[in-house]
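Listed below, chain by chain, are the residues.
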Amino acid sequence: MTVTTRFAPSPTGFLHIGGARTALFCWLYARRHGGRFVLRIEDTDLERSTPEAINAILEGMSWLGLDYDDGPFYQTQRFERYAEVLEKMLADGTAYRCYCSKERLESLRADQQARKVKPRYDGCCRELNKPPVDATESPVIRFKQPLEGHTVVEDTVKGTVAFDNAELDDLIIARGDGSPTYNFVVVVDDMDMQVSHVIRGDDHLNNAARQANILKALGVNPPIYAHVPMILDEAGKKLSKRTGAASVMDYRDAGYLPEAVINYLVRLGWAHGDQEVFSLDEMVEHFDISDINHSASSLNPSKLEWLNQQYLMTLPRAHVARHLARHLGDLGIDPALGEGPNLEAIVEAQAPRSKTLVEMADSSRFFYEAPEVYDDKAARKHLLGSEAVISALLSALTAVSDWQAATIHEAVMGVAEAQSVKLGKVAQPIRVAVAGGPVSPPIDVTLELLGQAATLVRLESARQWAIEHAEA
RNA sequence: GCUCCCAUCGUCUAGCGGUUAGGACGCUGCCCUCUCAAGGCGGAAACCGGGGUUCAAGUCCCCGUGGGAGCGCCA
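In this text, all values refer to a predicted model and were calculated from it rather than measured experimentally. (Residues numbered from 1 in each chain as written. Chains lettered and ligands numbered in written order. Predicted model: local features only at pLDDT ≥ 70, side-chain atom pairs only at ≥ 80, totals over all residues. Heavy atoms only, no water.)

### Notes on the protein's contact with RNA strand B
Then, in step 1: Looking at RNA strand B, there are 64 residues lining it, with K116, R175, G269, P352 and R431 nearest.
Then, in step 2: Restricting attention to atoms of RNA strand B within 4 Å of the protein, one finds that 68% of them are sugar or phosphate atoms.
Then, in step 3: At a separation of 3.2 Å, a sugar or linking oxygen of RNA strand B approaches a polar side-chain atom of S10.
Then, in step 4: Separating a base nitrogen of RNA strand B from a backbone N or O atom of I443 is a distance of 3.1 Å.
Then, in step 5: Those elements that provide at least two residues to the surface near RNA strand B are α4 (102-114), β7 (159-164), α6 (205-217), β12 (297-298), α10 (301-314), α17 (423-435) and α18 (443-450).
Then, in step 6: Looking at the surface near RNA strand B, the element that brings in the most residues is α10, giving 6 residues.
Then, in step 7: Grouping the constituent residues of the surface near RNA strand B by class yields 21 nonpolar, 21 polar and 22 charged. (Near = heavy atom within 4 Å. Polar contact = N/O pair within 3.5 Å; in protein donor to acceptor, adjacent residues only side chain to side chain. Helix = DSSP H or I, 4+ residues; strand = E, 2+ residues; numbered from the N terminus. Nonpolar A, V, L, I, M, F, W, Y, C, P; charged D, E, K, R; others polar.)

If you want it as structure tokens, here you go:
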């Protein structure tokens, strides 16, 4: 049997982090077994499905690097097939037309809730031989659920789960307008697409029994189920739009690398011993459904930040640089224009002090633009009264003929020694002068990247500032 | 209300009958240091409660409690 998994989102919103993890698990499992991963868009709800949402899902998958072998399939394009199966079930007597009005159903439900029993269809039309005389509405089609016995779902992560068939009512599989509903199309599609492993959120565990029964009515064996636990927000609550960056694309915009998001996601509900950082190959090699946790997990944003930094520091610089360029662009800086320093060198220098690409872009801004104002506190502390030091630096750095970190370092050290001060007393004024604030990579590296000309101009500006503010 | 699922540090987790209950993030002490980081070495921090089973229970069973999900002509 070849392994086939599928990711089947409904296009009613963006691809959120929980869906992304489900997709990742499906993808990993298929890759691990040399199987097939299919993408299916569950858009049978014409009211709520939107093309924007479809694009958002496709974009999210692509950004994460989750490629699929088949699809995307759209359920709205398979209506003839569903109609065909529906006819067969009607003919077989495993489904029936129900003429109950929505009003009747609503009052039935209200009554049951008032009596504190589980709301369910009462089977009113189940044994009808012909339409009732007053049948004015277009009938829905219901699945004829077995009345007695149990339905057992063998779930790979939850274990054996038994449902009393009496708990499962006759669910609607086609609406009054003839369009099929979720529990039915899922079954038909998984069957037609030969899905071997259904990996999805455990909010579907209850549906598994209904679906298994439909499959049985169709004479088909159910797939292997794996219901993975939910992902909760930081507070342990269900994920919602209010929880901040719930969309995968928001993570991109916030400066996370897809590698970090993937790694973070794979460790949510899954572990391989004590290992925290996984390459894609390692994930594929080690991933197994049997190692998936049974309980829900909460988001831990600071761990994502840590992972992101690990990847910023270790991924090939050219790769990180490409992502950084995007965020510099967001700041109105075009690193491709050639004026600025080498992007990869910036990545090397800034990665150990950046959690995200947004931070990295922001703190690298000064390489491209001279500071408009100095950080107030830093300027007063390091610039005020530093005219002599800055003047000395100006001449020492002007004299550097081979502008390299090593030679710069020598020049700066020379000034410190000549002034009988520690390196910090010299480095900090430079830092404020060139970066505008008290923080930057090592001063020699910073200056090398900035370039000699810009360094001298900024030092001169800082000297002027120090003179102007001296009397105050 | 009914049905189903779940329960180890604050969080992510290892553990698969015998462990000083391990790792990671975060927090924190020290070291390194031109700033900020990164890095190195330490520290605090957990088996939800009660019953069983067993020579032995975080691990198996039951109950309770607490979370979560489902109960649509949504998916």
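### What to know about the layout of surface pockets
Then, in step 1: Empty space within the largest pocket amounts to approximately 1,200 Å³.
Then, in step 2: In this structure, the largest pocket is lined by 38 residues; those nearest its centre are P9, S10, H16, D203 and H204.
Then, in step 3: For the lining of the largest pocket, the secondary-structure elements that each account for two or more residues are β1 (4-7), α1 (17-32), α5 (182-192) and β9 (197-201).
Then, in step 4: The element best represented in the lining of the largest pocket is α1, accounting for 4 residues.
Then, in step 5: Residue composition of the lining of the largest pocket, by class: 15 nonpolar, 13 polar and 10 charged.
Then, in step 6: In this structure, the second largest pocket occupies an estimated 360 Å³ of space.
Then, in step 7: Together, 19 residues line the second largest pocket, and D362, R365, F366, A435 and G436 are the ones closest to its centre.
Then, in step 8: The class makeup of the residues in the lining of the second largest pocket is 8 nonpolar, 5 polar and 6 charged.
Then, in step 9: Here the lining of the second largest pocket spans two domains, and each of domain 3 (316-367) and domain 4 (376-471) adds at least three residues to it. (1 Å grid on protein atoms, 1.4 Å probe; cavity = no way out; pocket = protein on both sides within 12 Å on 5 of 7 lines; lining within 4 Å. Points joined across faces, edges and corners; volume = space filled by probe spheres on them. Domains from an automatic or database assignment.)

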